[in-house]
Amino acid sequence: MKKSHLQKFPDSEGFFGRFGGAYIPDVLKDEFERITKAYMKLRRSHDFLSELRRIRKHYQGRPTPVYHAKRLSEALGGAQIYLKREDLNHMGAHKLNHCMAEALLAKYMGKKKLIAETGAGQHGVALATAAAYFGLECEIHMGEVDIAKEHPNVVRMKILGAEVIPATHGLKTLKEAVDSAFESYVKQIDTALYAIGSVVGPHPFPMMVRDFQSVVGFEAKEQFMEMVGFLPDNVVACVGGGSNAMGIFSGFIDDEVELYAVEPLGKGTKLGEHAATLMYGDEGVIHGFNTIMLKDENGEPAPVHSIASGLDYPGVGPEQAYLKEIGRLNIAAITDEETIDAFFALSQYEGIIPALESAHAVAYAMKLAKEKPNDTILVNLSGRGDKDIDYVVENYGVREIKL
Ligand SMILES: *Cc1c(COP(=O)(O)O)cnc(C)c1O
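The structure contained in this document is the topic of the report that follows. The model shown is predicted, which means the values in this text are computed figures rather than measured ones.

### Some details on helix α6 (residues 122-134)
- Here α6 is 13 residues long and its end C-alpha atoms lie 19 Å apart, about the 18 Å a rise of 1.5 Å per residue gives.
- Across the 13 residues of α6, 11 count as buried, placing the element largely inside the fold.
- In this structure, the buried residues of α6 make contact with α3 (46-60), α5 (95-108), β5 (113-117), β6 (137-143), α8 (151-159) and α15 (356-371).
- Phi turns positive one or two residues past the end of α6, at Gly-135, with a value near 70 degrees.

Rendered as structure tokens:
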């Protein structure tokens, strides 16, 4: 029998074609091998999997529904748009899918603490939630500049019992938070697990996080088939690191379904104005793995911009770099302006306020709906927009959308 994509990739060294791997300092090598070994065993363990299923059902509220956005579809006069409602997860986004599983892995490995860095704070909040559930300690590193900018998420993490450690050197943003978190991790490597927040980083994280998110695609496939009677023609998801996208793509990757990765085009195509990595990046090693990345003139990760703080990452998961290379992935990009229109369109036509990240996927689906009027489009609605409402209204006002 032919092996499925998910069975074939990554290989035992964590490669998806040339992409992926583990380019890490020696102090981390043994521990990353231990994590890989533990996970390879647990991914087939009945106890681990049934505990995860129970958590998903009774704590997270899974399965999340698939919903036919009828009014939006009719107003556009094109394809039928469906939404996988990851915004209805506990805490309002898909991130909890992998954070709960990473915390469960930490518990099985006998760890006492979860460590991570966070940029805008969304990964930090999801991980702090998982730590509280399992009674694990939680240490979140965050740039001082981001701490000032993302006050509500800092407060949430503290309420959830996490320790928020400011990174005070350099530019005091995400890169410095990564340095600070790794420095602390190395000192406590026996008792802590570094929990990466997307399908990025060294092997085994791109594989593990994909596996943990694949529940989104498997559920959506079954739900869509039951609702509509056949597979969707197109599946659309926004891509920051790529976890929500790989989650939903996992359900359809071996099927005749077009997959669309939607990247943030921000304010324009100039370097520094966007974070459209797959579209404009080159091959390189970032944060311990080989992938496609946006580089500055020195080959370092370039500065990036997006209105959606969850999407402004200069790299992308190695599996998506591979899928692009073999021609399995369509790459699209959506500007800040188009995102704001989609944010209000979904709010006013469906009563669903999307996260600005997810609004990128909605914006692209709205374009695609006009191009392919006889198709069906399934969008991964990765999160809800409550976190974004003040920012949007202060900077853009309230837009009335007439389609
Ligand atoms: C963090 C985040 C994203 C981007 O992360 P991926 O790993 O690319 O999925 C997208 N949507 C929401 C709601 C997020 O919080």
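### Quick look at the sheet that holds β6
- Taken together, the four strands give an open sheet; going across it, the order is β7-β6-β5-β8, and neighbouring strands pair in parallel fashion. Across the chains shown, the open sheet's two edge strands, defined by having one partner strand only, are β7 (163-167) and β8 (192-194). Between one strand axis and the next, the sheet turns through 25 degrees on average, direction left out of account.
- Sheet analysis places β5 next to β8, joined by three bridges and oriented parallel. Considered in β8, the bridge of Lys-113 is made with Ala-192.

### Observations concerning the pattern of salt bridges
- In this structure the tally under the stated criterion is 25 salt bridges.
- Taking the shortest distance from any N to any O, the salt bridge between Arg-210 and Glu-319 comes out at 2.9 Å. Of this pair, Arg-210 sits in helix α10 (residues 205-228) while Glu-319 sits in helix α13 (residues 318-325); the two residues are 109 residues apart in sequence, bridging distant segments of the chain.
- Residue classification places Glu-319 among the buried residues on the basis of a relative accessible area of 3%.
- Lys-402 serves as the salt-bridge partner of Glu-400, at 3.6 Å between the closest nitrogen and oxygen.
- Classification of Glu-400 as exposed rests on a relative accessible area of 68%.
- Bridged by salt links that share partners, the residues Arg-43, Arg-210, Asp-211 and Glu-319 form one connected network.

### Topic: the environment of Ala-103
- Relative to the assigned elements, Ala-103 resides in helix α5.
- Between the C-alpha atoms of Ala-103 and Leu-136, which are 33 residues apart in sequence, the distance is 8.1 Å.
- In contact with Ala-103, other than residues within four places in its own chain, are Leu-114, Ala-130, Phe-134 and Leu-136.

### Side note on the nonpolar core
- Leu-105, Leu-114, Leu-127 and Tyr-185 are the most contacted members of the largest nonpolar core, which has 53 residues in total.
- If you tally residues by element for this core, the top one is α5, at eight residues.
- Two domains share this core, each providing at least three of its residues, namely domain 1 (16-57 + 95-205) and domain 2 (61-92 + 214-396).
- Aside from chain neighbours lying at most four places away, what touches Tyr-185 is Leu-28, Glu-31, Phe-32, Ile-35, Ile-115, Ala-192, Leu-193 and Tyr-194.
- Formed by 38 residues, the second largest nonpolar core is a distinct cluster that contains Ile-340, Phe-344, Ala-359 and Leu-381.

What counts, and where the lines are drawn
Residues numbered from 1 in each chain as written. Predicted model: local features only at pLDDT ≥ 70, side-chain atom pairs only at ≥ 80, totals over all residues. Heavy atoms only, no water. Helix = DSSP H or I, 4+ residues; strand = E, 2+ residues; numbered from the N terminus. Expected span 1.5 Å × (residues − 1). Buried < 20%, exposed > 50% of the residue type's maximum accessible area, 1.4 Å probe, protein only. Contact = heavy atoms within 4.5 Å. Pairing = 2+ DSSP bridges. Axes fitted to C-alpha atoms, helices over the stretch in contact; angles between N-to-C directions. Salt bridge = Lys/Arg side-chain N within 4 Å of Asp/Glu carboxyl O. Core = buried A, V, L, I, M, F, W, Y, C linked by side-chain atoms within 4.5 Å. Domains from an automatic or database assignment.

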